[in-house]
Amino acid sequence: MRRAAALPVLLAVLVWLALAGGRNWLGPAALVQALLDRQDFLMYGLRLPRVLIATGAGMALGMAGALMQGLTRNPLATPDIIGLTQGAGLGFTIALLFGLPLVAGAACGAALSMFAVAILARGRGVLAFVLFGLGVGATAAATTTVLLVFAPEAKTVRAMIWLSGSLSNADFETARWLWLVLLASGGLVAVRAHRLGLLWLGDDVMAALGVDLLRMRFLVLGLVTALTAASTLAVGPIGFVAFVAAPLARAVTGAEAPAIWPAALTGGCLLVGADLMARLVASVAVFPTGLIMGLIGAPYLIFFLWRDRQEARL
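These numbers come from a predicted model, not from an experiment.

Let us look at the overall build of the protein. Counting secondary structure elements, the protein contains 14 helices and 0 strands. When the helices and strands of the protein are listed from N to C terminus, the series reads α-α-α-α-α-α-α-α-α-α-α-α-α-α. Its C-alpha atoms give the protein a radius of gyration of 19 Å, near enough to 20 Å, the size a compact globule of 314 residues would have. The 314 residues of the protein split such that 48% are buried. About 15100 Å² of surface is accessible on the protein, with carbon and sulfur atoms providing 69% of the total. Taken as two groups, the 21 positive and 13 negative side-chain charges of the protein have centres that lie 2 Å from each other.

Structure, rendered in structure tokens:
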């Protein structure tokens, strides 16, 4: 119980540090005063919307990663690795260049990527699902680059900042709809918590327990797509949060897979902490939060692959 309580406490501490930290640090009294003053530009114009978006997007990615890993029973099958994030990025870029709604663009991009991977890997096993996902993601990323080469300079600059995973343009409107998607998805997860907790047991066990496998797959894929599209639109295609959150949450809390809620809290901690580090590294210039997450997630991926190889030798 104590280990499970560590995550919300850690997230609260990181949120407090993120609101207080930056070029100008705020003490406890100054922080409370700034939160009470709705005209305070530093708090309500810059820091609070940024922290709300970092928390919401991190929790959404953590939840999406845990659901995807549970559905495929593969720790590598996360939205950023199987192409959903890149698909959402391509959809955002197309919508930006042609003046279409950005929310619809990102959602359609993520949904089409999920559909393409599901069709290509149908009936070929989990490894094929991951490999086709890598191919779809690489194709979406390459197409995005080609589109930006021929795009107007102003839109290219905006897209490049977003694609780097920056939260510098955070606002309350983005935070509002991101949290609406997160709360709606969280409500569905809470309603289906018992059945979703059976994901790692395998299809045979779930079928024996009376779970409708087709409906369960559609539910999980729909949740993953919505959460990935919303978070990607809000913060850009930030990698590794969905991949790292669930296994790290299980290690910290001792929870059994898929550990959806601990993964959501861990994802929030990761992205809030990474964004705080990005602001401290370059408090004046725009420093991509995605770069910080890459520095955290890439070594973990290398360690994961090394550990898996060592275990295979035993």
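Structure shown, so let's carry the discussion forward.
Of note, Ser 231 is situated in helix 11 (residues 213–235). Not counting residues within four places of it along the chain, the set of residues in contact with Ser 231 comprises Ala 57, Ala 60, Leu 61, Leu 178 and Gly 236.

Before going further, it helps to spend a moment on the nonpolar core. General note: in soluble globular proteins, nonpolar side chains tend to be found buried as a group. With 74 residues, the main nonpolar core has Leu 67 and Leu 196 as its most contacted residues. The element that contributes the greatest number of residues to this core is helix 3 (residues 41–72), accounting for 16 residues. Setting aside chain neighbours within four positions, we find Leu 67 in contact with Val 189, Leu 196, Leu 199, Val 220, Leu 223, Val 224, Leu 227 and Ile 260. Membership of the second largest hydrophobic core comes to 10 residues, among which are Ala 106, Ala 110, Leu 148 and Trp 162.

Confidence in the prediction for the protein averages 83 pLDDT; 93% of positions are at 70 or higher. Averaged over each element, pLDDT in the protein is lowest for helix 14 (residues 289–313) (72) and highest for helix 8 (residues 172–191) (92).

Let us look at helix 13 (residues 260–281). Taking 1.5 Å per residue, 22 residues should reach 32 Å; helix 13 reaches 31 Å between its end C-alpha atoms and fits that length. Burial analysis of helix 13 places 17 of its 22 residues in the buried class, which makes it a mostly covered element.

Applying the stated rule across the entire model yields 3 salt bridges. Between Asp 275 and Arg 50 there is a salt bridge, and its shortest N-O distance comes to 2.9 Å. Residue Asp 275 is found in helix 13, and its partner Arg 50 is found in helix 3; the two are separated by 225 residues along the sequence. Arg 50 sits in the buried class, given a relative accessible area of 13%. Arg 176 serves as the salt-bridge partner of Glu 173, at 2.6 Å between the closest nitrogen and oxygen. Taken together, the residues span about one helical turn, with Glu 173 and Arg 176 both in helix 8 at a distance of 3 residues. Glu 173 gets classed as partly exposed once you look at its relative accessible area, which sits at 49%. Exposure remark for Arg 176: the relative accessible area of 47% places this residue in the partly exposed category. What emerges from the salt-bridge pattern is a single network uniting Arg 50, Asp 275 and Arg 279.

Turning next to a nonpolar patch on the surface. Taken together, the side chains of Ile 94, Phe 98 and Leu 100 make up a nonpolar region of the molecular surface, amounting to roughly 300 Å² of accessible area. Relative to the helices and strands, Ile 94 resides in helix 4 (residues 84–98).

Quick look at the packing of helix 4 against helix 5 (residues 102–120) now. Interaxial distance between helix 4 and helix 5 falls to 7 Å at its minimum, and their mutual angle equals 140°. For the element pair helix 4 and helix 5, the recorded crossing hand is right-handed. Residue-level inspection shows Leu 84, Gly 87, Ala 88, Gly 91, Phe 92, Ala 95 and Leu 96 of helix 4 in contact with helix 5, the latter providing Leu 102, Gly 105, Ala 106, Gly 109, Ala 110, Ser 113 and Met 114. Here the contact of helix 4 with helix 5 is built from residues that sort into 9 nonpolar, 5 polar and no charged.

Now for helix 7 (residues 153–163). Among the residues making up helix 7, those that are buried are Thr 156, Ala 159 and Trp 162. For helix 7, the arc enclosing every buried residue in end-on projection is 130°, short of the 170-degree limit, so these residues lie on one face. Exposed and facing more than 90 degrees away from the buried side of helix 7 are Glu 153 and Ala 154. Looking one or two residues beyond helix 7, the residue adopting positive phi is Gly 165, at roughly 85°.

Counting across every chain of the model gives 1 aromatic pair. Ring plane angle 40° and centroid distance 6.3 Å describe the contact between Tyr 44 and Phe 172, whose orientation is recorded as tilted. Of this pair, Tyr 44 sits in helix 3 while Phe 172 sits in helix 8, placing them 128 residues apart in sequence. A relative accessible area of 16% means that Tyr 44 is categorised as buried. We classify Phe 172 as partly exposed; its relative accessible area is 29%.

What counts and what doesn't
Residues numbered from 1 in each chain as written. Predicted model: local features only at pLDDT ≥ 70, side-chain atom pairs only at ≥ 80, totals over all residues. Heavy atoms only, no water. Helix = DSSP H or I, 4+ residues; strand = E, 2+ residues; numbered from the N terminus. Rg over C-alpha atoms; globule rule 2.2 N^0.38 Å. Buried < 20%, exposed > 50% of the residue type's maximum accessible area, 1.4 Å probe, protein only. Areas by Shrake-Rupley, 256 points an atom, 1.4 Å probe, with all protein chains shown as cover. Lys, Arg positive; Asp, Glu negative; His and termini not counted. Charge placed at Lys NZ, Arg CZ, Asp CG, Glu CD. Contact = heavy atoms within 4.5 Å. Core = buried A, V, L, I, M, F, W, Y, C linked by side-chain atoms within 4.5 Å. pLDDT = per-residue confidence, 0-100. Expected span 1.5 Å × (residues − 1). Salt bridge = Lys/Arg side-chain N within 4 Å of Asp/Glu carboxyl O. Patch = residues over 30% accessible without salt bridge, like charges linked within 9 Å, V, L, I, M, F, W, Y side chains within 5 Å. Axes fitted to C-alpha atoms, helices over the stretch in contact; angles between N-to-C directions. Left-handed = near helix turned anticlockwise from the far one by under 90°. Nonpolar A, V, L, I, M, F, W, Y, C, P; charged D, E, K, R; others polar. Arc of directions from axis to C-beta. Phe/Tyr/Trp six-rings, centres within 6.5 Å; stacked < 30°, edge-to-face > 60°.

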